[in-house]
Each structure stands twice: as C-alpha cells, then as structure tokens.
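# Descriptive structure summary
Take a look at the letters that make up each chain.
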Amino acid sequence: MPPPTLWVMAQREWYADGLRFECTQCGDCCTGRPGFVLFTDEEAAAIAERIGVTPEEFHEKYTHDTAAGRSLAEVKSEFGYDCVFLDRDNDLGKPLCSIHDLRPTQCRTFPFWPENLRTKASWARVAKECEGVNRGNLVKIEDIRIQRDQHKA
Ligand code: SF4
C-alpha cells in the first residue's frame, strides 16, 4: 500500500482541473449511427404523461429493444437514425429535443460518461464527434463527478 499522499494522487482523475463543455444544440448526439437511449421507469412515466399517452402506449410506440436494453425508439432520417423525440420541424429551424426538461439521465449527463472520461484519448474521440466538447465554460470536477456517477447508476 503506498503512503496516503501518493494514494490520493493516484486517485486523482486526469480531468481533476475540470473540462470545458458547452452544448451548441446542434442535435448531433440525438442522431447518426443506430444507438440507444436507456431510461428508467420514472423517466418513462414522466415522458408518457407529458406526451399524453399511457405507459403501455409509450412502451409500444416510442421505445424498442436494443442489445443494451429497452431504448427510446429511432426514426430514419436523411441524417441517420434520429431519436424519436428529436424535433426537426420547429420555428427555430434547428433540431431540438422535444422533451428537453424530461430527457433521460443518459442525455442529461452527456458527455460526462465514464467511458468518455476513461482517458484523454477517449475524451479526444468524443470531441471529434461533439462540437461542444472543449469549448465554453469550465465544468468543475465536482459537477463532472456527479454527472459521471449518475450515468453509471
Ligand atoms: S431524448 Fe432528447 S436529448 Fe435525448 S436523444 Fe432524444 S432528442 Fe436527444
């Protein structure tokens, strides 16, 4: 066992000084290659209530099975596979999440997912796919940890 100071240093995340992220609302993380957006029963119930369907209808019409579990459904578009809740037909002329305040934890915690934070190289890979990574205000380590651990849960 190393001395306590060395042990604490070894535990320090490489992003201990924080990371920059600012969502540009480009909508790219809600489309593209087929993927999955997992959700909890509570999240499903809240979304179902918002869009005025029963939990059963929500399950049937707005979700589907994936290798990772039951996910929000996808709709094929010219951009790839859109999340079923991505609204491309609005007055602002840009893709928007139509359930933004109720979006599942997986969406809320992006890009601070454990797999994206594993190494600097993983973070650099996300930065290639998301224009909001490494721009905007610094997100403090305390806030990153909360989002990372929420996603893990
Ligand atoms: S729920 Fe909203 S934020 Fe999440 S993938 Fe769908 S459109 Fe994007």
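For the structure given in this document, a descriptive report is provided here. (Residues numbered from 1 in each chain as written. Predicted model: local features only at pLDDT ≥ 70, side-chain atom pairs only at ≥ 80, totals over all residues. Heavy atoms only, no water.)

## Describing the nonpolar core
By size, the foremost hydrophobic cluster in this structure holds 14 residues, and its most contacted members are Leu19, Phe112, Leu117 and Ile144. When contributions to this core are tallied by element, the ones reaching two or more residues are β1 (19–21), α6 (120–129), β8 (133–139) and α7 (141–152). The residues contacting leucine 19, other than those within four sequence positions of it, are Trp14, Phe112, Leu117, Trp123, Asn137, Leu138, Val139 and Ile144. Val37, Phe39, Leu72 and Leu86 belong to the second-largest nonpolar core, a separate cluster that totals 12 residues. (Core = buried A, V, L, I, M, F, W, Y, C linked by side-chain atoms within 4.5 Å. Buried < 20%, exposed > 50% of the residue type's maximum accessible area, 1.4 Å probe, protein only. Helix = DSSP H or I, 4+ residues; strand = E, 2+ residues; numbered from the N terminus. Contact = heavy atoms within 4.5 Å.)

## Some words on the pairing of strand β5 (residues 80–83)
Direction of pairing for strand β4 (residues 74–77) relative to β5: antiparallel, over a ladder of four bridges. In the strand pairing of β5, valine 75 is matched with aspartate 82. Between β4 and β5, which pair antiparallel one after the other, the connecting turn spans two residues. (Pairing = 2+ DSSP bridges.)

## As for the packing of aromatic side chains
In the structure shown here, the tally under the stated rule is eight aromatic pairs. Taking 5.3 Å as the distance between ring centres and 85° as the angle between the ring planes, the aromatic pair formed by tryptophan 14 and tyrosine 15 counts as edge-to-face. For tyrosine 15, a relative accessible area of 5% translates into the label buried. Ring geometry for phenylalanine 39 and phenylalanine 58: centres 5.8 Å apart, planes at 80°, overall edge-to-face. (Phe/Tyr/Trp six-rings, centres within 6.5 Å; stacked < 30°, edge-to-face > 60°.)

## As for the site of the ligand
Near the ligand you find Cys30, Val37, Leu72, Cys83, Phe85, Leu86, Cys97, Ile99, Arg103, Pro104 and Cys107, and these make up its full shell. Here the residues of the shell around the ligand are counted per class, giving 10 nonpolar, no polar and one charged. (Near = heavy atom within 4 Å. Nonpolar A, V, L, I, M, F, W, Y, C, P; charged D, E, K, R; others polar.)

Coordinates in, geometry out; function isn't part of it.
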